[in-house]
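Next come the chains, spelled out residue by residue.
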Amino acid sequence: MIIGIDTSLGTAVAAIARDGEVLADEQSSHPLGHAEVIGDLLRRASAVAPTPTHVAIGMGPGPFTGLRVGIATARVYALGRGIPAVPVPSHDGVALGLLLSDAVIGAETGRFAVVTDARRREFAFSVYEGIDDDGLPIRVTDAALSPRDDLDATLEAAGARRYDATSVSAAMIALAAARALDAGRTLAGTEPLYLRSPDVVAAHAPKRVS
């Protein structure tokens with residue numbers, strides 16, 4: 001069993017069996033308040049998956065504070081359980097969900113870009129095309145930032161259809177992790193995909209005390 005956690009857009013926690021069966025899929029769409037809801041969502045998911053073998057972590061891109069809450073929670077949960085944490089780009093989870101949905105209805109997905117709101121008049125986007133033999137979305141370009149007014153032209157030049165995501169499924173994060181584990185692959189590094197530095201910085205050097 002795999003617990004999936006993502007806080008790049010809202011807060012999402014899920015539990016799946018290794019074969020992909022979704023056992024629990026809990027979500028709060030509120031873009032803020034991650035710390036207030038994640039504990040309850042995790043308790044509910046853990047109730048149906050009391051002996052997880054891995055924790056899948058959505059690594060972003062996403063806002064600094066939101067990602068920190070989800071990643072820290074997932075790492076502490078994994079440490080407490082003594083199980084591995086598996087990092088997954090959040091856009092991979094969105095892409096996998098779209099590709100599987102299109103496959104069910106027999107639609108041709110083509111090249112597309114997962115787009116999420118990065119705030120400060122910017123979007124984060126990743127370009128994908130198709131699904132590989134391991135059942136994972138093929139990432140053409142890694143996550144990048146674009147000014148809002150420039151994004152459509154950037155995607156047109158890349159030949160990618162725009163897909164705006166308003167949520168990330170923790171179940172798809174967990175499924176991507178399960179497929180990566182089966183294939184012996186690593187989808188992301190251990191560092192969060194913030195794409196930009198946090199807004200809060202030290203104003204000046206500490207004053208000298210005499």
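For the structure, see preceding data.
Here goes a summary of the coordinates provided. Note that the coordinates shown come from a computational prediction; the quantities given were computed from them, not determined experimentally.

Orientation of helix H1 (residues 34–48) relative to helix H2 (residues 64–81), taken along the N-to-C sense of each, is 35 degrees, at an axis distance of 10 Å. The hand of the H1/H2 crossing is right-handed. On the side of H1, the interface is formed by His34, Ala35, Ile38, Leu42 and Ser46, while H2 contributes Gly66, Val69, Gly70, Thr73, Tyr77 and Arg81. In terms of residue class, the contact of H1 with H2 is made up of five nonpolar, five polar and one charged.

Below, the discussion takes up unusual backbone geometry. For the peptide bond that leads from Gly60 to Pro61, omega is 20 degrees, which places it in the cis range. Positionally, Pro61 belongs in the loop between strand E4 (54–58) and H2. In this model, Arg120 sits at a positive phi of 50 degrees, which is unusual for a non-glycine residue. As for its position among the elements, Arg120 is in the loop between strand E6 (111–119) and strand E7 (122–131). Here Arg120 falls in the exposed class, since its relative accessible area comes to 51%. The phi dihedral of Arg121 falls on the positive side, at around 60 degrees, and the residue is not glycine. Relative to the helices and strands, Arg121 resides in the loop between E6 and E7.

Quick look at the sheet that holds E4 now. Pairing is mixed across the open sheet formed by five strands, whose spatial order is E3-E2-E1-E4-E5. Edge strands, defined here as strands with exactly one partner in the open sheet, are strand E3 (22–28) and strand E5 (85–88). Adjacent strand axes in the sheet meet at a mean angle of 15 degrees, parallel and antiparallel pairs treated alike. Across four bridges, strand E1 (residues 2–6) lies against E4 in parallel orientation. Bridge assignment links Gly4 to a residue of E4, and that residue is Ala56. On top of the sheet, helix H5 (residues 170–183) reaches E1, strand E2 (11–16), E3, E4 and E5; it is set at about 45 degrees to E2, its chief contact.

What follows covers the pattern of salt bridges. Taken as a whole, this structure holds 12 salt bridges when the rule is applied. Glu129 is paired through a salt bridge with Arg111; the nearest N and O atoms lie 2.9 Å apart. Taken together, the residues Glu129 in strand E7 and Arg111 in strand E6 connect sequence positions 18 residues apart. Looking at Glu129, the relative accessible area reads 36%, which means it is partly exposed. Note on Arg111: relative accessible area 28%, which makes it partly exposed. When the shortest N-O distance is used, the salt bridge between Arg148 and Asp117 registers 2.8 Å. Placement of the pair is Arg148 in the loop between strand E8 (137–147) and helix H4 (151–158) and Asp117 in strand E6, with a sequence separation of 31 residues.

Attention now goes to the packing of helix H3 (residues 90–105) against H5. The geometry of H3 relative to H5 is characterised by a closest axis approach of 8 Å and an angle of 95 degrees between their N-to-C directions. Judged by the inter-axis angle, H3 sits roughly perpendicular to H5. When H3 is examined against H5, the residues Ser90, Gly93, Leu96, Gly97 and Leu100 are found in contact with a partner set consisting of Met172, Ile173, Leu175, Ala176 and Arg179. In terms of residue class, the contact of H3 with H5 is built from six nonpolar, three polar and one charged.

Cut-offs used in this document
Residues numbered from 1 in each chain as written. Predicted model: local features only at pLDDT ≥ 70, side-chain atom pairs only at ≥ 80, totals over all residues. Heavy atoms only, no water. Axes fitted to C-alpha atoms, helices over the stretch in contact; angles between N-to-C directions. Helix = DSSP H or I, 4+ residues; strand = E, 2+ residues; numbered from the N terminus. Left-handed = near helix turned anticlockwise from the far one by under 90°. Contact = heavy atoms within 4.5 Å. Nonpolar A, V, L, I, M, F, W, Y, C, P; charged D, E, K, R; others polar. Buried < 20%, exposed > 50% of the residue type's maximum accessible area, 1.4 Å probe, protein only. Pairing = 2+ DSSP bridges. Salt bridge = Lys/Arg side-chain N within 4 Å of Asp/Glu carboxyl O. Parallel < 35°, antiparallel > 145°, perpendicular 65-115°, else oblique.

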